[in-house]
Amino acid sequence: MKKPCPHPFKRKQNIQYTIYVYSFFFILILLRHFDMQIISDDRVNIANHAEWTFRQIFEWRYTFNGRIFTDMAAEFFYFYVPFWLWKVVDSLVYVGIARLLVFYFSEEKLWQTITVCSLILLFPRDYLSSAGYIATTTNYIYTFFAVLIAVLPIVLALKEYPGFSDKKKVVGISILALFGLLYATNHDQYAMVLMGGCFLMLCYLLYEKKIEKGRKDHFRKEVLLCLWATLIISVILYLWQWNMPGHINRMTSTEERDLYLPAFADWSLLKKIYHGYSSTVAVLFFKTNVIMFMFLIVLSLLSVKAILQAKQEMITSKKQYISASIGCFPLILQLLIWALGYKHFVVYYDYAFKMPEIGPFLKNTKYLIALALSVIMILSIVFAIVLLVRNRIRTSIIGMLLFLAAGSREMMGFSPTIYASGYRTFTFFLFAIMVCILLGLQEVVEQLEISYNK
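Here we summarise the structure given alongside this text. Throughout, a residue's number is its position along its own chain's written sequence, starting from 1. Two thresholds apply to this predicted model, a pLDDT of at least 70 for residue-level local features and 80 or more for giving and counting side-chain atom pairs, whereas whole-chain, interface and lining totals are computed over all residues. With hydrogens and water set aside, each side-chain value is computed from the structure's full complement of heavy atoms.

## Some words on the overall build of the protein
The way it works is that DSSP assigns letters per residue, a run of H or I at least four long becomes a helix, a run of E at least two long becomes a strand, and they are numbered from the N terminus. In terms of regular secondary structure, the protein is built from 21 helices and 0 strands. Using C-alpha atoms as the atom set, the radius of gyration is obtained and then compared with a globule rule of 2.2 Å times the number of residues to the power 0.38. Radius of gyration (C-alpha) of the protein: 23 Å, near the 22 Å computed for a compact globule of 454 residues. Working definition: with a 1.4 Å probe on protein chains only, accessible area under 20% of the residue-type maximum means buried, over 50% means exposed, and in between means partly exposed. Looking at the protein as a whole, 50% of its 454 residues are labelled buried. By element, 68% of the accessible surface of the protein is carried by carbon and sulfur atoms, the whole surface being about 23300 Å². Charge convention: Lys and Arg are scored as positive, Asp and Glu as negative, and His as well as the terminal groups of each chain are ignored. By convention, the charge on Lys lies at NZ, on Arg at CZ, on Asp at CG and on Glu at CD. Charged side chains of the protein number 44 positive and 29 negative; the gap between the two group centres comes to 10 Å. Surface exposure here means Shrake-Rupley accessible area, sampled with a 1.4 Å probe, where a residue is shielded only by the protein chains that are shown.

Put into structure tokens, the structure is as follows:
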């Protein structure tokens, strides 16, 4: 039975409040840009390319590093857009990200819009300054925005968008998505996220006989068609950009490795995997990370709700109580690490640009303890999602996002530039966690509503 449509006045009022939220969010983001300056790579690039034409810069990027979209976007802002105007444009991009995240992953209720905007405001600003604000945003923030645009046809198909019957709208949406694909596949990390996400979604849909009960077969075919098209086009575009002279030069050159991490040449496969893993969990679990901490709080809320429900239903099984309390374990472990002092569990290498790692666990017991704690935290998070999130589709989305986030960081362990790139390589990971927080809160609210209506 369909829910009754809200009263027209109430609907208009909700839209009005939503516009107020986005407007206030834009102002806050713009204020955060107020004291940003031209620093780091931005300053170096402006000085080095001041006498060059835009075509010369493009040719140099094409043959030097292959970043003909992400880095050229930065070059465009350097020389053709005043810095104050870039701050306005950049703030609007954040609004665009917030709007798409709300549209993709929520019912677009007011509290969900406020949640997404608030979480984006928590994104660590110091992550954006490491290579200069413009260079970092065009390579990491705008690429995430491009991924969201690239998957627009898939989401519209999932939401049964009526515009798919209009050829003009389909063409317009497809062209917009193509621009997103071009930009996103120009960055190795995001290209892998995009292709990996499409592959996982295809596997999920092919595994399930139906996306949801009551949906028609032709709708499912539209979704599969959009997924296959996005995956195939992104692979083709990535292969094209992979074979650019600049990308080949960046992949084969030892200049960056010799500059940042000469020892990388002697690292074994297992050591690369360990460095990718340890640098990821050290930042997320052994260093204060507000967004990750909020995700652990949401898991604990789900756990508390499950425990209260078990008591209400007079369940005496210890196994069910253990299952219900699993969501509290990660938060308890996180608080324990902070109480003991996370600096005891990590090491800061000279070449790591102040990014922590778990040290060599075979040589020191405290690092072995840190490794064990990180594994327990990850397993408890996985079990909590599986056991406490009742909505099957929501569970799958959270699982896929966390898998993609982990993969986006683990792949960085196979590149010596992980240490030169530093914290900004966590950009997708943090946005993925934001979505998981939103989905987790939806689950909490939904379960509370079910309990209240009983």
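## Focus: helix 18 (residues 365-388)
The end-to-end C-alpha distance of helix 18 is 34 Å, a good match for the 34 Å that 24 residues give at a rise of 1.5 Å each. Within helix 18 the residues assigned to the buried category are Tyr367, Ala370, Leu371, Leu373, Ser374, Met377, Ser380, Ile381, Ala384, Ile385 and Leu388. Capping of helix 18 at its N-terminal end is provided by Asn364; its side-chain oxygen lies 3.1 Å from the backbone amide nitrogen of Lys366. Given a helix with a known number of residues, its expected span is that number minus one, times 1.5 Å. Pairing of N or O atoms within 3.5 Å defines a polar contact, subject to two protein rules: one partner must be a possible hydrogen donor and the other a possible acceptor, and residues neighboring in sequence count only if both atoms are side-chain atoms.

## Some words on a nonpolar patch on the surface
Patch definition: residues above 30% relative accessible area lacking any salt bridge, with like charges linked at up to 9 Å and the nonpolar side chains Val, Leu, Ile, Met, Phe, Trp and Tyr linked at up to 5 Å. What makes a salt bridge here is a side-chain nitrogen of Lys or Arg within 4 Å of a carboxyl oxygen of Asp or Glu, nothing more. Taken together, the side chains of Ile15, Tyr17, Ile19, Tyr20, Leu110 and Ile114 define a hydrophobic patch exposed on the protein surface, amounting to about 550 Å² of accessible area. Counting only elements with at least two residues in the nonpolar patch, the list comes to helix 1 (8-32) and helix 6 (110-121). Counting residues per element, the nonpolar patch draws most heavily on helix 1, at 4 residues.

## A short note on the side chain of Arg409
Looking at the secondary structure, you find Arg409 in helix 19 (residues 392-410). Lacking a salt bridge, the buried Arg409 has Glu357 as its closest oppositely charged neighbour, with an N-O distance of 7.7 Å. Engagement of the side chain of Arg409 in a polar contact is seen with the side chain of Thr425, the distance being 2.5 Å.

## Quick word on the side chain of Ser106
Locating Ser106 in the fold gives a position in the loop between helix 5 (83-105) and helix 6. Among the polar contacts listed, one links the side chain of Ser106 to the backbone oxygen of Val102, at a separation of 2.5 Å. Sequence-distant contacts of Ser106, defined by excluding residues within four places in its chain, comprise Leu101, Gln112, Lys159, Leu438 and Gln442. Whether two residues are in contact is decided by their heavy atoms: any pair within 4.5 Å suffices.

As far as function goes, none of this settles anything; it's purely spatial.
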